[in-house]
Amino acid sequence: MNVRTWWRDREHLPPVVRLNEFIEQVLLASSDRNIVIFIDEIDSILSLNFSSDDFFAMLRGCYNKRAENPE
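The structure contained in this document is the topic of the report that follows.

1. Describing the pattern of salt bridges
Applying the stated rule across the entire model yields two salt bridges. Where R10 meets E21, a salt bridge forms, and the shortest distance between an N and an O atom there is 3.9 Å. With R10 in the loop between α1 (3–9) and α2 (15–27) and E21 in helix α2, the pair connects residues that are 11 residues apart, well separated along the chain. Put simply, E24 and K65 hold a salt bridge, and the shortest N to O gap is 2.4 Å. Taken as a pair, E24 in helix α2 and K65 in helix α4 (residues 52–65) lie far apart in primary sequence, 41 residues in all. The exposure class of E24 is partly exposed, given its relative accessible area of 35%. According to the relative accessible area criterion, K65 is partly exposed, its value standing at 33%.

2. Observations concerning unusual backbone geometry
At E41, a residue that is not glycine, the phi angle is positive and equals roughly 55°. Positionally, E41 belongs in the loop between α2 and α3 (42–45).

3. So, α4
With 14 residues, α4 extends 20 Å from end C-alpha to end C-alpha; this agrees with the ideal 20 Å at 1.5 Å per step. Those residues of α4 not exposed but buried are S52, F55, M58, L59 and C62. Around the axis of α4, the buried residues are gathered within 120° of arc, so they sit on the same side. Turned more than 90 degrees off the buried face of α4, the exposed positions are D53 and R60.

About the criteria used
- Residues numbered from 1 in each chain as written.
- Predicted model: local features only at pLDDT ≥ 70, side-chain atom pairs only at ≥ 80, totals over all residues.
- Heavy atoms only, no water.
- Salt bridge = Lys/Arg side-chain N within 4 Å of Asp/Glu carboxyl O.
- Helix = DSSP H or I, 4+ residues; strand = E, 2+ residues; numbered from the N terminus.
- Buried < 20%, exposed > 50% of the residue type's maximum accessible area, 1.4 Å probe, protein only.
- Expected span 1.5 Å × (residues − 1).
- Arc of directions from axis to C-beta.

Nothing here speaks to function; it is all geometry.
Encoded structure:
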């Protein structure tokens with residue numbers, strides 16, 4: 001799979017939605033192990049060109065989905 005192509009094919013989606021789909025459709029589908037997301041320089045996220053609230057809500061959503069879908 002070409003990750004760059006996958007990412008470009010979904011340019012019409014907001015970045016946070018695209019990241020969420022990538023985690024669900026690519027990372028989780030390609031691994032039978034737990035996935036851990038580390039974020040360094042968290043303050044730099046505040047200056048990016050999308051809602052940081054949406055980004056952190058997506059991360060919280062990933063965490064909450066574990067109860068429904070432990071995979």
